[in-house]
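Read off the chains here:
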Amino acid sequence: MAERQTNGRKNDPQRTQEDILEVATEEFSTHGLAGARVDQIAERTRTSKRMIYYYFGSKEALYLAVLERSYRKIRTLEADLELANLAPEEALRTLIATTFDHDEANPDFVRLVSIENIHHAAHMLRSEAIRDLNVSVIQMIEAIIARGLADGTFCRKADPIDIHMLISAFCFFRVSNRYTFGTIFRRDLSEKTTIERHRTMIADAVISYLKSAEGDPASA
């Protein structure tokens, strides 16, 4: 049986697990898998290492649960947008703005993905949940492009994974390389007008690409 929390409160398993995942997200994104300490997570959540292992099994399993939770958060945000009710261009601009704002507000997510790339996605490969979660955004983009082609908004039948990569690359880079890029070019990427300009710029770039015809020199 799971033990009671060390502060004496009656154990609420769902709340306890969510508290652990919240703190573990910060711990893993700050220190990486190797550097993160389970005892530090236990101390900050007023639980114990024993309880953490009871719920998650191991440090590696907790790390994977953190990754899954992070991807679930962004995919849930996208699902809540109800993009099928919007015109194709508005739908895509809304999706892009949501991705942009999510990455801007969640640097922990960006660091976690960067850390997992250092590990060559070794842990993510074991997660069917992450693969299943990320199917939805591709289907969403595919549907928007199809509607845009059907009503004449778009001219290019683009690969939805390419479009997702284009959006993600720009939004992710702004956060992952904020300090190095900002130091080299003396540019504060967190400045409000810069954020607003970049949010519009990536949306305009994607929409312009989809509105250009296949083989159009202007899009090359």
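Given the structure is predicted, the values throughout are model-derived calculations rather than measurements.

Caption draft 1: Just the overall build of the protein chain, in detail. Of regular secondary structure, the protein chain possesses 10 helices and zero strands. Written out in order from the N terminus, the α and β elements of the protein chain read α-α-α-α-α-α-α-α-α-α. In terms of overall dimensions, the protein chain has C-alpha extents of about 65 × 40 × 30 Å along its principal axes. Taking all contacts inside the protein chain whose residues are at least 6 apart in sequence as the whole, residues at least 24 apart take part in 70%. Counting every atom, the protein chain has about 12200 Å² of accessible surface; 55% of that belongs to carbon and sulfur. Taken as two groups, the 29 positive and 33 negative side-chain charges of the protein chain have centres that lie 5 Å from each other.

Caption draft 2: Examining the pattern of salt bridges more closely. Under the criterion given, the structure shown has 13 salt bridges. We note a salt bridge from Asp19 to Arg15, for which the minimum N-O separation is 3.9 Å. Residue Asp19 and its partner Arg15 are located together in helix 1 (residues 13–35), separated by four residues, close to a single helical turn. The partner of Asp39 in a salt bridge is Arg37, and the shortest N-O contact between them spans 3.1 Å. A residue is classified by how much of its surface remains accessible, and Arg37, at 46% relative accessible area, is partly exposed.

Caption draft 3: Structural detail: the packing of aromatic side chains. Per the counting criterion, the structure on display carries five aromatic pairs. Ring centres of Phe173 and Phe181 lie 5.6 Å apart, and the angle between their planes is 85°; this geometry places the pair in the edge-to-face category. Centre to centre, the rings of Phe181 and Phe185 are 4.8 Å apart; their planes meet at 45°, and the pair counts as tilted. Of the two residues, Phe181 and Phe185 both sit in helix 9 (residues 178–185), four residues apart, roughly one turn of that helix. Judged by relative accessible area, Phe185 falls into the exposed class, the value being 52%.

Caption draft 4: Local environment of unusual backbone geometry. The phi dihedral of Arg46 falls on the positive side, at around 55°, and the residue is not glycine. Unlike most non-glycine residues, Ala121 shows phi in positive territory, near 60°. Examined against the element boundaries, Ala121 turns out to sit in the loop between helix 6 (107–118) and helix 7 (128–151).

Caption draft 5: Quick peek at the UniProt feature "DNA-binding region" (unreviewed entry) in the protein chain. In this numbering, the UniProt entry assigns the feature "DNA-binding region" (unreviewed entry) to residues 37–56. Note that residues 37–56 is 80% helix and 0% strand, and that its end C-alpha atoms are spaced 14 Å apart.

Caption draft 6: Examining the nonpolar core more closely. The biggest cluster of nonpolar side chains holds 30 residues, and the ones touching the most others in it are Phe28, Ile52, Phe56 and Leu62. Elements represented by at least two residues in this core include exactly helix 1, helix 2 (38–45), helix 3 (49–56), helix 4 (59–79), helix 6 and helix 7. Broken down by element, the residue count for this core peaks at seven residues, all from helix 4. Those residues in contact with Phe28, other than ones at most four positions away along the chain, are Leu33, Ala36, Lys59, Leu62, Tyr63, Val66, Leu112 and Ile115. Core analysis: the next-biggest nonpolar cluster, separate from the first, contains 23 residues, Leu95, Met140, Phe154 and Leu210 among them.

Caption draft 7: Quick peek at the side chain of Arg75. If you trace the backbone, Arg75 turns up in helix 4. The exposure class assigned to Arg75 is buried, which follows from its relative accessible area of 8%. Within the local environment of Arg75, its side chain forms a polar contact with the side chain of Glu78, the two groups lying 2.6 Å apart.

Caption draft 8: The environment of Phe100, seen in detail. Structurally, the position occupied by Phe100 is in helix 5 (residues 88–105). Judged by relative accessible area, which is 2%, Phe100 ranks as buried. Along the sequence, Phe100 and Asp12 sit 88 residues apart, while their C-alpha atoms lie 34 Å from each other. Ignoring anything within four residues of it in the chain, the contact list for Phe100 reads Phe170, Cys171, Arg174, Ile195, His198, Arg199 and Ile202.

Caption draft 9: Examining the packing of helix 4 against helix 5 more closely. It is the contact of helix 4 with helix 5, at a shortest axis distance of 10 Å, that shows an interaxial angle of 150°. Our classification of the angle between helix 4 and helix 5 gives roughly antiparallel. In this structure, helix 4 crosses over helix 5, and the sense of that crossing is right-handed. In this structure, helix 4 uses Lys73, Ile74, Leu77 and Glu78 to contact helix 5, whose residues at the interface are Leu95, Thr98, Thr99 and His102.

Caption draft 10: Structural view of the packing of helix 7 against helix 8 (residues 160–176). Two elements in contact, helix 7 and helix 8, have axes separated by 9 Å at closest approach and are oriented at 110°. Between helix 7 and helix 8, the interaxial angle falls into the category roughly perpendicular. Facing helix 7, whose interface residues are Val137, Ile138, Ile141, Glu142 and Ile145, helix 8 presents Pro160, Ile161, Ile163 and His164. Broken down by class, the residue content of the contact of helix 7 with helix 8 amounts to seven nonpolar, one polar and one charged.

Reading the values: rules and limits
- Residues numbered from 1 in each chain as written.
- Predicted model: local features only at pLDDT ≥ 70, side-chain atom pairs only at ≥ 80, totals over all residues.
- Heavy atoms only, no water.
- Helix = DSSP H or I, 4+ residues; strand = E, 2+ residues; numbered from the N terminus.
- Contact = heavy atoms within 4.5 Å.
- Areas by Shrake-Rupley, 256 points an atom, 1.4 Å probe, with all protein chains shown as cover.
- Lys, Arg positive; Asp, Glu negative; His and termini not counted.
- Charge placed at Lys NZ, Arg CZ, Asp CG, Glu CD.
- Salt bridge = Lys/Arg side-chain N within 4 Å of Asp/Glu carboxyl O.
- Buried < 20%, exposed > 50% of the residue type's maximum accessible area, 1.4 Å probe, protein only.
- Phe/Tyr/Trp six-rings, centres within 6.5 Å; stacked < 30°, edge-to-face > 60°.
- UniProt positions renumbered as here; feature names shortened; annotations may be inferred.
- Core = buried A, V, L, I, M, F, W, Y, C linked by side-chain atoms within 4.5 Å.
- Polar contact = N/O pair within 3.5 Å; in protein donor to acceptor, adjacent residues only side chain to side chain.
- Axes fitted to C-alpha atoms, helices over the stretch in contact; angles between N-to-C directions.
- Parallel < 35°, antiparallel > 145°, perpendicular 65-115°, else oblique.
- Left-handed = near helix turned anticlockwise from the far one by under 90°.
- Nonpolar A, V, L, I, M, F, W, Y, C, P; charged D, E, K, R; others polar.

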